[in-house]
Amino acid sequence: MNRVLVTGGAGFLGSHLCERLLNEGNDVICLDNLFTGSKDNIRHLMGNSYFEFIRHDITEPIYVEVDQIYNLACPASPVHYQHNPIKTAKTSVYGALNTLGLAKRTGARILQASTSEVYGDPEVHPQPESYRGCVNPIGIRACYDEGKRMAETLFFDYYRMHQVEIKVMRIFNTYGPRMNPNDGRVVSNFIVQALKGQNITIYGDGKQTRSFCYVDDLINGMIKLMNSEKDFTGPVNIGNPGEFTMLELAQKIIELTGSNSQIVYEPLPSDDPMQRKPVIDLAKEKLGWQPTVQLEEGLLKTIDYFKRIL
Ligand code: NAD
Ligand code: UDP
């Protein structure tokens, strides 16, 4: 049995990860400051004697004895990470330093939840891991993008200097049950708007693209990466290469919910990437991983979830 620490474990992805790790027979410590996460996401795990919740801010050191660390603590939606950008940068950078320090002391293997945002507004399409990105270092997304880039740097420096066993995963837009209905991300926004009969807010002309991965596929990739061969550090893209414009997404959600909502256009936030699609050849080769859930199937499950909680 592995003792596993999941930082950000009460969030959207973290709660699914904790659940999977418990089902696979691990002893799980979920650490979270509940900024964007919620006890509701992990309430069903609380009675399990192999599950512990610690309310803690990862910008402060943490002393626990563990075999594996998944570092997910960080607000992920633009609305939330821009709320207090200095705190977001601290969470990424101090959070990486504190979890890497813990990995060094305990000899634990550590996985970083990095992001496709390290590619910024990419000039290379689709994006392979070798692409170094196009990030505006002084823009409103930089607290998150540059914070995550610095975290990757720290991971590789701990690997080279201290031989810490690192795994760096670049996560592309992921959706599914337990997304926060108020976090402003496109899938949750459109579904909530459609179910409430409100206008569907497309930012810009709706021609920008994203590639959406269903949460179960993402968690499979994350666990495969953590347990991959020792010398495979990544970075590795995990995402679904199916690419859609925001207008196509809005139309699909209107169709699947049977909503009467109208599409309205609002200004595009600055530095909003125009296109995003992962190259996943490395994940296929090294992890034997590829997504299996198509957009429509995943959206139907997500719509069911939002119907229940709204
Ligand atoms: P989320 O906001 O639901 O989860 C983040 C969790 O971290 C929350 O529970 C929050 O309370 C916690 N947290 C934030 N700051 C903290 C701090 N200082 N100390 C302790 N806990 C803190 O978001 P998510 O979608 O589950 O994302 C999880 C991770 O995956 C994040 O690191 C994010 O950057 C990364 N990621 C997610 C996506 C995606 O599409 N969901 C894409 C790329 C990367
Ligand atoms: N978006 C939109 N309407 C919304 C929320 C988001 O058109 O109500 C757009 C946003 O401008 C971006 C895309 O959807 O182009 C994805 O946004 P999200 O915040 O989900 O993720 P990210 O931009 O970080 O990929």
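Look above for the structure.
Going along each chain's sequence as written, the residues are numbered from 1 onward. For this description, chains carry letters from A and ligands carry numbers from 1, given in the order in which they are written. Totals for whole chains, interfaces and linings use all residues, but because this is a predicted model, local features are given only for residues with pLDDT of at least 70 and pairs of side-chain atoms are given and counted only at 80 or more. The side-chain quantities take in all heavy atoms of the structure and omit both hydrogens and water.

A. A look at the sheet that holds strand β1 (residues 3-7). DSSP-based pairing: two strands are paired if at least 2 bridges between them are found. Secondary structure elements are taken from DSSP: a helix is a run of H or I of four residues or more, a strand is a run of E of two residues or more, and numbering for both begins at the N terminus. Read across the sheet, seven strands follow the order β3-β2-β1-β4-β5-β6-β11 without closing on themselves; strand pairing throughout is parallel. Two strands bound the open sheet, and with one partner strand each, they are β3 (51-55) and β11 (236-238). Between one strand and the next, the sheet's axes are offset by a mean angle of 20°, whatever the strand orientation. Direction of pairing for strand β4 (residues 68-71) relative to strand β5 (residues 109-115): parallel, over a ladder of four bridges. Across the sheet, the residue bridging to Asn71 is Gln112, located in β5. We call two residues in contact when some of their heavy atoms are within 4.5 Å. Orientation is described by lines fitted to C-alpha atoms, with helices fitted over the stretch in contact, and by angles between N-to-C directions that extend from 0 to 180 degrees. Across the face of the sheet, helix α6 (residues 215-226) comes into contact with β4, β5, β6 (166-171) and β11 while running at roughly 160° to β6.

B. Region of interest: α6. To estimate the expected span of a helix, count its residues, drop one, and scale the result by 1.5 Å. With 12 residues, α6 extends 17 Å between its outermost C-alpha atoms, agreeing within 8% with the 16 Å of an ideal straight helix rising 1.5 Å per residue. For α6, the buried fraction is high: nine of the 12 residues fall into the buried class. Per-residue accessibility, obtained with a 1.4 Å probe over protein chains only, is compared with the maximum for each type, and a residue is labelled buried under 20%, exposed over 50%, and partly exposed between these values. Turning to α6, its buried residues are Val215, Asp217, Leu218, Ile219, Gly221, Met222, Ile223, Leu225 and Met226.

C. Molecular detail of the site of ligand 1. Surrounding ligand 1, one finds 29 residues, the nearest of these being Leu13, Asp32, Thr36, Tyr144 and Lys148. Here a polar contact is taken to be a pair of N or O atoms separated by no more than 3.5 Å, where protein atoms must pair a possible hydrogen donor with a possible acceptor and residues adjacent in sequence count only if both atoms sit in side chains. Residue Phe12 places a main-chain N or O atom 2.9 Å away from an oxygen atom belonging to ligand 1. Contact between ligand 1 and Ile58: a nitrogen atom at 2.9 Å from a main-chain N or O atom of the residue. All accessible-area figures derive from a Shrake-Rupley calculation using a 1.4 Å probe, and residue coverage is judged against the displayed protein chains alone. Bound to the protein, ligand 1 loses 96% of the 820 Å² it would expose on its own. Counting residues per element, the ones that place at least two in the shell around ligand 1 are α1 (12-23), β5 and α4 (142-162). Residue contributions to the shell around ligand 1 peak at three residues, all from β5. Classes in brief: Ala, Val, Leu, Ile, Met, Phe, Trp, Tyr, Cys and Pro nonpolar; Asp, Glu, Lys and Arg charged; the others, Gly included, polar. Class assignment of the residues belonging to the shell around ligand 1 gives a composition of 14 nonpolar, 11 polar and four charged. Definition of nearness: a residue and a molecule or strand are near each other if at least one heavy atom of the residue lies within 4 Å of the molecule or strand.

D. Quick peek at the pattern of salt bridges. Criterion for a salt bridge: a side-chain nitrogen of Lys or Arg within 4 Å of a carboxyl oxygen of Asp or Glu. Under the definition given, this model contains 17 salt bridges. Between Asp272 and Arg210 there is a salt bridge, and its shortest N-O distance comes to 3.1 Å. Remark: Arg210 occurs in strand β9 (residues 209-211) and Asp272 occurs in the loop between β13 (263-266) and α8 (281-287); sequence separation between them is 62 residues. The exposure classification of Asp272 matches that of Arg210, with both residues buried. Linked by salt bridges that have partners in common, Glu117, Arg141, Arg210, Asp272 and Arg276 make up one network.

E. How the structure looks around the environment of Leu31. Structurally, Leu31 can be placed in strand β2 (residues 27-32). Leu31 sits in the buried class, given a relative accessible area of 1%. In this structure, Leu31 is in contact with Leu5, Val6, Thr7, Gly8, Gly9, Ile54, His56, Ile58 and Ile62, ignoring residues within four places of it in sequence.

F. View of the state of the cysteines. The criterion for a disulfide is a pair of cysteine sulfur atoms lying within 2.5 Å. Inspection of the entire model under this criterion finds zero disulfides. Cysteine Cys30 is unpaired, with the sulfur of Cys18 as its nearest cysteine sulfur at 4.3 Å.

G. Region of interest: the site of ligand 2. Taken together, 17 residues lie around ligand 2, and Val186, Thr201, Arg210, Asp272 and Arg276 are the ones closest in. Asn189 places a polar side-chain atom, nitrogen or oxygen, 2.8 Å from an oxygen atom of ligand 2. Side-chain polar atom of Arg210 to an oxygen atom of ligand 2: 2.7 Å apart, as the coordinates give it. When the free accessible area of ligand 2 is taken as 520 Å², the share hidden by the protein chains comes to 95%. Secondary structure elements with two or more residues in the shell around ligand 2: α5 (186-196) and β8 (200-203). Its residues assigned to classes, the shell around ligand 2 shows six nonpolar, five polar and six charged.

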